[in-house]
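# Structural overview for review
Here is what each chain is made of, one letter per residue.
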Amino acid sequence: MSTRQTLKTQKKNLISQEDTDKALLILESLTSFYDLRLPDGVDDILSVLVRSILSQATSTKNRNQAFSNLLGTFNGDWNNVRLAEPIEVEKSIKVGGLAKQKTKRIQNILEDVFIEFGECSLEALKKKEDVENFDYLSSFSGVGPQSAALTIMLGAKADICPVNTDVLRVLKRLDLLANESGMRAHRRVNSMFPKTRLKETHYALISHGRTHCVSRTPKCADCPLRFMCSFEI
Ligand code: SF4
């Protein structure tokens, strides 16, 4: 890429005051419109991480079934999963699809965690900084920024906005994201919205993406954001 093209791309990726103002307005509009209930419990970090791997390319129903089967087969003990024959793990999570690939990812993570912490637990992360935890979890093969963010949001009370398909779709339609995905989208979204309201942002955007700004035929006539949206179906 030429220097000129690089500068152009950098400029396009910059977050303007206009972007942050619009992001705040979106958040205020959505939180007034939806009766949001943010989960305030703290889950077991490793369980959230495994569940997020099982979520890949499947429905919530099948993910839940696969997770429940996995816990049932190995007595809810992650060390048993680590030491199991891969075929046994595959059988238990088959309902969620991609069983071979997911088994490999889960067992590799469990092995790495065991080496790092001397046990199959990530609870030690609860005492560490969110940024450090995000980087650590993102370093695992098969754990993208969305899974890493979701894991620390639900497991370590991190104020962070996981960027899933609902968040991406809504923000693209509202022109706050262009073609970004993965880490670039994560960084942009988590820099654009208020730092202390990122978890709230996540739930506001997914509520909107699942009820009004759905993939097909969004309900624009009833949308609280229609005055700032130029998306046309
Ligand atoms: S106006 Fe329609 S496309 Fe735009 S944010 Fe609302 S529901 Fe989505």
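Residues numbered from 1 in each chain as written. Predicted model: local features only at pLDDT ≥ 70, side-chain atom pairs only at ≥ 80, totals over all residues.

### Some remarks on the domain arrangement of the protein chain
Here is the rule we go by: All the domain ranges listed were derived from an automatic or database domain assignment. Here the contact rule is simple: place C-beta atoms from the backbone, and any two residues whose C-beta atoms are within 7 Å are in contact. Numbering of helices and strands starts at the N terminus; helices are DSSP runs of H or I of at least 4 residues and strands are runs of E of at least 2. Charged means Asp, Glu, Lys or Arg here, nonpolar means Ala, Val, Leu, Ile, Met, Phe, Trp, Tyr, Cys or Pro, and polar covers whatever is left, Gly included.
Once the domains are mapped, the protein chain shows domain 1 (15-38 + 161-228) and domain 2 (45-155). Once you take the C-alpha centre of each, domain 1 and domain 2 turn out to be 27 Å apart. Tallying the contact residues gives 8 residues for domain 1 and 6 residues for domain 2. Broken down by element, the residue count for the side of domain 1 that touches domain 2 peaks at 3 residues, all from helix α11 (residues 182-192). Across the side of domain 1 that touches domain 2, the residue classes break down as 4 nonpolar, 3 polar and 1 charged.

### Here's the deal with helix α2 (residues 17-33)
Rules: To estimate the expected span of a helix, count its residues, drop one, and scale the result by 1.5 Å. With C-beta atoms placed from the backbone, the exposure class of a residue follows from how many other C-beta atoms lie within 10 Å of its own: 20 or more, buried; 12 or fewer, exposed; in between, partly exposed. The reported arc concerns the directions from the helix axis to the C-beta atoms and nothing else.
Along its 17 residues, α2 runs 24 Å from first to last C-alpha, staying within 8% of the 24 Å computed at 1.5 Å per residue. Looking at α2, one finds that the buried residues are Ala23, Ile26 and Leu30. Taken down its axis, α2 places every buried residue within 60 degrees of arc, on the same side. The exposed residues of α2 that point more than 90 degrees off its buried face are Gln17, Glu18, Asp21 and Ser32. Among the structural elements, α11 and α12 (198-211) are those in contact with the buried residues of α2.

### Regarding unusual backbone geometry
Trans peptide bonds make up most of the peptide bonds, and negative phi angles are found at most residues other than glycine. A positive phi angle, close to 55 degrees, is found at Asn75, a residue other than glycine. Among the secondary structure elements, Asn75 is positioned in the loop between α4 (60-73) and α5 (78-83). Asn75 gets classed as exposed once you count the C-beta atoms within 10 Å, which come to 8. Within the chain, Asp175 stands out as a residue other than glycine whose phi angle is a positive 65 degrees. With respect to the helices, strands and loops of the structure, Asp175 is situated in the loop between α10 (165-173) and α11.

### What about the nonpolar core?
Filter applied, for reference: Residues of type Ala, Val, Leu, Ile, Met, Phe, Trp, Tyr and Cys that are buried and joined through C-beta atoms within 7 Å form what is called a nonpolar core.
Grouped together as the largest cluster of nonpolar side chains are 51 residues, with contacts concentrated most on Leu49, Ala149, Ile152, Cys161 and Val189. Excluding residues that lie within four positions of it along the chain, Val189 makes contacts with Cys161, Val163, Val167 and Leu171.

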